[in-house]
Amino acid sequence: MTRGLGGQSPANVTHHLSGIDFPASRADLERHAKDNGAGDDVLDVIRNMPDQEYGSMADVTKGVGEAE
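None of these values were measured; they are calculated from a predicted model.

### Topic: unusual backbone geometry
Put simply, Phe-22 and Pro-23 share a cis peptide bond, and its omega is 0 degrees. Within the secondary structure layout, Pro-23 lies in the loop between helix H1 (10-16) and strand S1 (24-25).

Here is the structure:
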């Protein structure tokens, strides 16, 4: 896990999505996070997010909130 970023926090999820191109599907988010070394805790949050297209990191942050 990345130092200073805790588990399932939105900051940790968005950290692992750094550099992703939008729009992105939930599957795109999961693949990108995995490629960036995300652990199962982050990937589980992404898998529980609504299955939709995300147009920005703000949309991702909202989706993380809905997943919890």
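### What about the pattern of salt bridges?
Here the structure, examined in full by the defined rule, presents four salt bridges. In this structure, Arg-47 and Asp-44 form a salt bridge, with 3.2 Å as the shortest nitrogen-oxygen distance. With Arg-47 and Asp-44 both in helix H3 (residues 40-48), this residue pair falls three residues apart, about one helical turn. Using a relative accessible area of 36% as the deciding quantity, one classes Arg-47 as partly exposed. By relative accessible area, which is 35% here, Asp-44 ends up partly exposed. One network of salt bridges, in which partners are shared, links Glu-30, Asp-44 and Arg-47.

Rules used throughout
Residues numbered from 1 in each chain as written. Predicted model: local features only at pLDDT ≥ 70, side-chain atom pairs only at ≥ 80, totals over all residues. Heavy atoms only, no water. Helix = DSSP H or I, 4+ residues; strand = E, 2+ residues; numbered from the N terminus. Salt bridge = Lys/Arg side-chain N within 4 Å of Asp/Glu carboxyl O. Buried < 20%, exposed > 50% of the residue type's maximum accessible area, 1.4 Å probe, protein only.

Treat this as a map of the structure, not an account of what it does.
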